[in-house]
Structures are given as structure tokens and as C-alpha cells.
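Chain residues, written in single-letter form:
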Amino acid sequence: MVNAKFKSIVKKIKEFDEIVIARHIGPDPDAIASQIALREIIKYNYPHKKVYAVGAMVSRFKYFGSLDKIDEATLTNALLIIVDVPRFDRVDAAYKNRYKYTIKIDHHPCEEGICDLELVDVSSSSTCQLITELVYNTKLKINKEIAEKLFMGIVTDSDRFLLSYTTAKTFSLVANLMRDYKLDLMPLYNHIYERGINERKFESYIVNNMKINEYGFGYIKIDNKTISEFAVDSSTASNMINDFNFIKELNVWAFSSFDEKAGIYKINIRSRNVVINDIAERFNGGGHKFASGARLKTEEEVDELFAALDAACQAYCKEKHDN
Ligand code: AMP
């Protein structure tokens, strides 16, 4: 079934000479890596095709490669592939109705189909894992640079194979990449994990100032004065949220940072025990069962979301206590 989908995706790629690849707003490494890797895969196998990876670049992820600017109005017969994003309202810089055919490759839960062809596997550690599977199940060829991007996407989204979405298939595909392309891991880890000492100090600030209540709900609102004091930016905290995994006292933890340019509060939520994506969805957010996010307009909404997460932690503790 999935195998047939891999073949159908390649068939569609062959059919179109103009292909646009988009992913979600506020991209993480897996989103950027999967779209750039897929662009490079298509160009490598079909050099005559025009392939564009679109959306706003995040300077800290520039090592994955550059993105393309296009005028969608000039496209007449193009294929759109959205990666790592479940809904069109979260897609950065691509509008569905400009395209003849649409494909989704994703590992986020989503009830409804939104594209003509969908490869969705919520058990996959990452979208890069799905693209690696696509490569190993079809005649698509890749090179070392592409393998490196896929590897980095898998490593980051599985949080270095710590998250429960890491399976035998994840390790097997990564082993294929390492064996076939002789990956040198240290330079890749340097790209992903090297940080300034100011970021480490900022992380200590979060550790010291996060409030943790008796139900294991940990939360912090990061203000812009603190962000300038540590010389970080409003997205720095987002990139640290996974580092709070395995803290014994935490069931659910959430960060709120205010993005002045967009005028929104960006919320990152993680959980070890409590399903949180349904709560995030109630606040116009979403994500995975144990890793979700939301973008909110007011501080009141932030407080309401935090109260809902706290209530879920309370319910979890009560149930655990009663059993
Ligand atoms: P983040 O905390 O930004 O790393 O996001 C964790 C997960 O939640 C990712 O899978 C995101 O795609 C998803 N997510 C984050 N923000 C939103 C949002 N506003 N709406 C829907 N999903 C989101």
C-alpha cells in the first residue's frame, strides 16, 4: 500500500516539469531539510526539471542550502509537494489553487485528506525518514550531500533517536544512509548542535525560572527584555524545548515567546505522559501527541492554554493516583 504510494509519487514527479516544494511556517530542521533534500533529489534524477523549494529562510538553518523565490502567478502547469505540514493554512508561501496537482508527504496526524495524493505516516520519526524511505523503495538516486540532509532531518526530529517515534525502521534507514554514503557525523553534528555560550546561559535562565507545579506542569513566559539581555532571539527558546525531556518532575512543559515582528505569542509544548495535540488544536495550534505548538494573539489566550495544559496534568495525576 505504502509502496504503491512511493511509486505513484515518482510517477507524478516524472509527469511535471515545474515542481514547487513547500513546508510549514516557522520551520524546524526537518521541515527545511526535507524540502531542500527533495528538491535536490528531483534535480539530481531529472536535471531538466525546474524545481523550487519555497518559504522564508531561517538564518540558523542556512547550512541546509538556499531557498527559492518564485512568482506563483507565472506557473501554468505545476506540481506542488507539501512536506512536514498537515494543513494548508500552515503552509509557507504556496497556494493550493495555483497548482494542477498536489502531493503531501508528512508524519503529522491529520484527519482529512487535503492533497490529491498523500503519503502520511504518523509512526515515522520525521518527514526526512519518509523521504529516505521513498528513495530506498524506488529507483531515485541520491548523493552524499542529499544523504547528509536526510540524516540531519531524522536526527533532529527524533531528538537524536530519543523520542518514541524512533523505530527499527528509523535505524535501518539511517544505517543505509551511513553505509551507502560514508557519512562523517561530526561536521553534521557541529551544524546542528553548536551553540554560543550565551544560549547555554539563556537555557540556565529557563531552568532557573520555569515554574513547575505539583501536577508536573512546567511553564515559562519569556519576555523580550530577557531575550535582549542574553543576546538571543525570540525563536531561541523554541529550539531548546526538547532539552527539557527526562526531567522527572515534568509531565508537560510549555514556553511562550513573543515574536514582535509577527505580533504573536509562539507557544512550544512538550509532554512525556499527557496527550497535548488535542489541547493545542483547541487553541488554533496542533502537532504530534507529545510535541505541539500554537500561535496566539493575546496573553490572555496564553494563560487559557496554560490553564488547559495544567488541567490535563491534574487529570493525569488523578487517574494515576486512582489506579
Ligand atoms: P514546535 O514546538 O514549534 O517545534 O512544534 C512542535 C510540533 O507542533 C510540530 O510538529 C509543529 O508542526 C506543530 N505546530 C507548532 N505550531 C503549530 C501551530 N500553530 N499549528 C499547528 N501545529 C503546530
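Now for a look at the structure at hand.

**A few points about the overall build of the protein chain**
Here's step 1: Within the protein chain, the secondary structure is distributed over 10 helices and 11 strands.
Here's step 2: At 20 Å, the protein chain has a C-alpha radius of gyration in line with the 20 Å of a compact globule built from 323 residues.
Here's step 3: Viewed in the frame of its principal axes, the protein chain has a C-alpha envelope of about 60 × 45 × 40 Å.
Here's step 4: Out of the 323 residues in the protein chain, the part that is buried amounts to 50%.
Here's step 5: Carbon and sulfur atoms form 50% of the exposed surface of the protein chain, whose accessible area is close to 15600 Å².

**A short note on the site of the ligand**
Here's step 1: Around the ligand, the structure places 15 residues, and the nearest of them are His 108, Lys 266, Asn 268, Arg 270 and Gly 286.
Here's step 2: In the model, an oxygen atom of the ligand is placed 2.5 Å from a nitrogen or oxygen of the His 108 side chain.
Here's step 3: Between the ligand and Arg 270, the relevant distance is 2.9 Å, taken from an oxygen atom to a side-chain nitrogen or oxygen of the residue.
Here's step 4: Starting from 480 Å² of accessible surface for the ligand in isolation, the protein chains cover 90%.
Here's step 5: The element best represented in the shell around the ligand is strand β11 (residues 291–296), accounting for 5 residues.

**Notes on a positive patch on the surface**
Here's step 1: A cluster of basic residues, Lys 7, Lys 14, Lys 139 and Lys 141, forms a positive patch on the protein surface.
Here's step 2: By the element assignment, Lys 139 lies in the loop between α3 (127–136) and α4 (144–157).

**Details of the side chain of Asp 121**
Here's step 1: Residue position: Asp 121 is located in the loop between β5 (117–120) and α3.
Here's step 2: Of the side chains with opposite charge, Lys 169 comes closest to the buried, unpaired Asp 121, at an N-O distance of 4.3 Å.
Here's step 3: Setting aside anything within four residues of it in sequence, one finds Asp 121 in contact with Asp 106, His 107, Leu 130 and Lys 169.

Parameters and conventions
Residues numbered from 1 in each chain as written. Predicted model: local features only at pLDDT ≥ 70, side-chain atom pairs only at ≥ 80, totals over all residues. Heavy atoms only, no water. Helix = DSSP H or I, 4+ residues; strand = E, 2+ residues; numbered from the N terminus. Rg over C-alpha atoms; globule rule 2.2 N^0.38 Å. Buried < 20%, exposed > 50% of the residue type's maximum accessible area, 1.4 Å probe, protein only. Areas by Shrake-Rupley, 256 points an atom, 1.4 Å probe, with all protein chains shown as cover. Near = heavy atom within 4 Å. Polar contact = N/O pair within 3.5 Å; in protein donor to acceptor, adjacent residues only side chain to side chain. Patch = residues over 30% accessible without salt bridge, like charges linked within 9 Å, V, L, I, M, F, W, Y side chains within 5 Å. Salt bridge = Lys/Arg side-chain N within 4 Å of Asp/Glu carboxyl O. Lys, Arg positive; Asp, Glu negative; His and termini not counted. Charge placed at Lys NZ, Arg CZ, Asp CG, Glu CD. Contact = heavy atoms within 4.5 Å.

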